[in-house]
Amino acid sequence: MIPSCAINDPTPYAPGWLGRYCAVMGQDVAPWSFHLLASMLTMSSVIGRRAALVRPAGVLWPPTSILLLGPSGTGKSLALLKAVRVAQAAMADVEAFYVGTGGFTVAGARAEWQRRQRRAHAEVLEGLHVEDEIATIVKERTGTETMTTWLIRCLAHTDLTELLRGEGRIVIPGFTIAFGFGSTIAYLRRSISIDEFTGGLMHRFVIAHEATQRENVDEQTPTDAQVAQLAAELRRIRDDAPATIHVSGDVEKRLLMLRTQARRRSFDSIHLTGYWNRYGMLVLKIASLYVMADGSYDITTEHVDTAVSLLDSKLYPVLESCIDEIAAPREKKRMLEVADSLAAAGPEGWSMEMLYKKMDATNPRAQVDAMQGMLATGLLWQKGQRVYGRKEWAL
């Protein structure tokens, strides 16, 4: 089973403006991890190219894309749309800033760029775009390549090119849009291969998973005044952002140690090699968001350690389990689909007879073996003559 991030209090991982965002926008049933990542999406997209981390391998820009995973109804869309609300309020008077929800296409992005270039004389395309379901995007083609390949290219935040008469032509210079996607594990598992997911797409996102909503929440809708205050503070962060974020010598030593440790872990799983090879960059990028949130603009070892704590204790266990499901062989994926259907059945569950029918196997022995395997791994649990899917997901 995929564990939840289980962030009961976002405060340790949300300094400055990020914490204020969570306090205002997080008074609902959506898990704290979703709101925390949404705050990073909002702040980083608004800052855009106003600040840079200049590294030997290239320039890291702040925009940070996120992927929120969980069953339907856990609050993925709720968190993403609140991020859009704050970003729109902060950048309402900046015509060159793009904000989109749903229906993303490459042709649409190109048209948005051309419109903003004409009206606002924009030099680059900045903004954010959210989608309820990433699977609707990755299944599409752009004409010459898969959408997955295109996303990998565009999330490097460089000039986007396309072939024209055998030569590369820049179609969107400085593509700096951050994406916020949601998905259920079942849909993601069916829509993308493990090679596509771990071959570059996974490393472009900060990923969180939650199995359930938060409970016993005194829900409060943010007022326009509260959103306006957050937006005004975020706009000041954007306006005050330095051209270059400073990395001290102590931080460089800490990063070197982390990269060395990460390289050793790259042998743990072939599918996680790319994650560990990029681990130092991901730590540094999250640390850079922390310094902009608290207005210090100098990355310290404390910022780095907080980023490491977030990644290692809360986000990485989710990623490891997610990869296990996406990489599962056909037989196990079938079992996972049965477990998901059981979870959707809620408190009624299924009878044992229904379970055998859903297993859809002609070999009775294979049915028994599969059922015992699902019981042993926690994919289903039994109570009397009825069975239920993934106990933590049961209603």
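As the structure is a prediction and not an experimental result, all values here were calculated from the model. (Residues numbered from 1 in each chain as written. Predicted model: local features only at pLDDT ≥ 70, side-chain atom pairs only at ≥ 80, totals over all residues. Heavy atoms only, no water.)

**Some details on the overall build of the protein**
1) Next: Scanning the protein for helices and strands turns up 16 helices and 14 strands.
2) Next: Against the globule reference of 21 Å for 395 residues, the protein gives a C-alpha radius of gyration of 22 Å, in line with a compact fold.
3) Next: Looking at the protein residue by residue over its 395 residues, the buried ones come to 52%.
4) Next: Taking all contacts inside the protein whose residues are at least 6 apart in sequence as the whole, residues at least 24 apart take part in 75%.
5) Next: Carbon and sulfur atoms form 50% of the exposed surface of the protein, whose accessible area is close to 17600 Å².
6) Next: Charge separation in the protein, taken as the distance between the mean sites of 44 positive and 44 negative side-chain charges, equals 3 Å. (Helix = DSSP H or I, 4+ residues; strand = E, 2+ residues; numbered from the N terminus. Rg over C-alpha atoms; globule rule 2.2 N^0.38 Å. Buried < 20%, exposed > 50% of the residue type's maximum accessible area, 1.4 Å probe, protein only. Contact = heavy atoms within 4.5 Å. Areas by Shrake-Rupley, 256 points an atom, 1.4 Å probe, with all protein chains shown as cover. Lys, Arg positive; Asp, Glu negative; His and termini not counted. Charge placed at Lys NZ, Arg CZ, Asp CG, Glu CD.)

**Thoughts on the pairing of strand 14 (residues 386-389)**
1) Next: For strand 12 (residues 350-351) and strand 14, the ladder comprises two bridges, and the chain directions are antiparallel. The partner of Ser351 across the bridge, within strand 14, is Arg386.
2) Next: In terms of strand pairing, strand 13 (residues 380-383) meets strand 14 through four bridges, oriented antiparallel. Opposite Gln382, over in strand 14, you have Val387 as the bridge partner.
3) Next: Linkage of strand 13 to strand 14, two consecutive antiparallel strands, is achieved through a turn of two residues, within which Gly384 is found at a positive phi near 65°. (Pairing = 2+ DSSP bridges.)

**Concerning the packing of helix 10 (residues 249-265) against helix 13 (residues 301-326)**
To describe two helices that pack against each other, one gives the angle between their axes and the distance between the axes.
1) Next: The interhelical angle for the contact between helix 10 and helix 13, taken along N-to-C directions, is 25°, at an axis separation of 9 Å. With respect to their mutual orientation, helix 10 and helix 13 come out roughly parallel. Packed against helix 10, whose contacting residues are Asp250, Val251, Arg254, Leu258 and Arg265, the element helix 13 presents Thr301, Val304, Asp305, Val308 and Tyr316 at the interface.
2) Next: A class-by-class count of the residues in the contact of helix 10 with helix 13 yields five nonpolar, one polar and four charged. (Axes fitted to C-alpha atoms, helices over the stretch in contact; angles between N-to-C directions. Parallel < 35°, antiparallel > 145°, perpendicular 65-115°, else oblique. Nonpolar A, V, L, I, M, F, W, Y, C, P; charged D, E, K, R; others polar.)

**Digging into the nonpolar core**
1) Next: Of all hydrophobic cores here, the largest spans 115 residues; its most connected members are Phe175, Phe179, Phe197, Tyr275, Met292 and Ile299.
2) Next: Looking at this core element by element, the count peaks at 12 residues for helix 13.
3) Next: When neighbours within four sequence positions are excluded, Tyr275 is seen to be in contact with Met202, His203, Leu282, Leu311, Tyr316 and Leu319.
4) Next: Among the nonpolar cores identified, the runner-up in size contains 16 residues, and Met335, Trp350, Met371 and Leu379 belong to it. (Core = buried A, V, L, I, M, F, W, Y, C linked by side-chain atoms within 4.5 Å.)

**Some points on unusual backbone geometry**
1) Next: For Ala6, which is not glycine, the phi torsion reads 55° and is therefore positive.
2) Next: We classify Ala6 as partly exposed; its relative accessible area is 38%.
3) Next: One non-glycine residue, Tyr297, lies in positive phi territory at about 65°.
4) Next: Here Tyr297 is to be found in the loop between helix 12 (279-294) and strand 11 (298-299).

**Quick notes on the pattern of salt bridges**
1) Next: Counted under the stated rule, the structure contains 13 salt bridges.
2) Next: Close ionic contact of Arg189 with Glu325 constitutes a salt bridge, the shortest N to O distance being 2.8 Å. Of this pair, Arg189 sits in helix 7 (residues 185-191) while Glu325 sits in helix 13, and the two are 136 residues apart along the sequence.
3) Next: When its relative accessible area of 2% is taken as the criterion, Arg189 is described as buried.
4) Next: For Glu325, a relative accessible area of 5% translates into the label buried. (Salt bridge = Lys/Arg side-chain N within 4 Å of Asp/Glu carboxyl O.)

**Thoughts on the packing of aromatic side chains**
1) Next: Within the structure shown, the criterion is met by 12 aromatic pairs.
2) Next: Ring centres 5.1 Å apart and planes at 90° place the aromatic pair Phe104 and Phe179 in the edge-to-face group. Of the two residues, Phe104 sits in the loop between strand 4 (97-101) and helix 4 (106-120) while Phe179 sits in strand 8 (residues 175-183), which places them 75 residues apart along the sequence. Assigned by exposure class, Phe104 and Phe179 land together as buried.
3) Next: Judged by centre distance (5.6 Å) and plane angle (80°), the ring pair of Trp150 and Phe175 falls under edge-to-face. Of the two residues, Trp150 is situated in helix 6 (residues 147-154) and Phe175 in strand 8; the sequence distance between them amounts to 25 residues. The residues Trp150 and Phe175 share a single accessibility class, namely buried.
4) Next: Sitting above the plane of the Trp32 ring, Arg214 keeps its charged end 4.0 Å from the centroid. (Phe/Tyr/Trp six-rings, centres within 6.5 Å; stacked < 30°, edge-to-face > 60°. Lys NZ or Arg CZ within 6 Å of the ring centre and 35° of its normal.)

**Focus: the sheet that holds strand 5 (residues 125-131)**
1) Next: Here five strands make up an open sheet; going across it, the order is 4-5-8-3-9 and the pairing parallel. Looking at which strands have only one partner, the edges of the open sheet turn out to be strand 4 and strand 9 (205-209). The mean angle between the axes of side-by-side strands here comes to 10°, regardless of whether they run parallel or antiparallel.
2) Next: Examined bridge by bridge, strand 3 (residues 65-69) and strand 8 share four bridges and lie parallel to one another. Looking across to strand 8, one finds that Leu69 is bridged to Ser183.
3) Next: Helix 4 contacts strand 4, strand 5 and strand 8 of the sheet and is inclined by roughly 150° relative to strand 4.

**A short note on the sheet that holds strand 12**
1) Next: Strand order in this open sheet of three strands is 12-14-13, and the pairing throughout is antiparallel. This sheet does not close on itself; its edge strands, each paired only once, are strand 12 and strand 13.
2) Next: Against the sheet, helix 14 (residues 330-344) touches strand 12, strand 13 and strand 14, its axis set at about 105° to strand 14.

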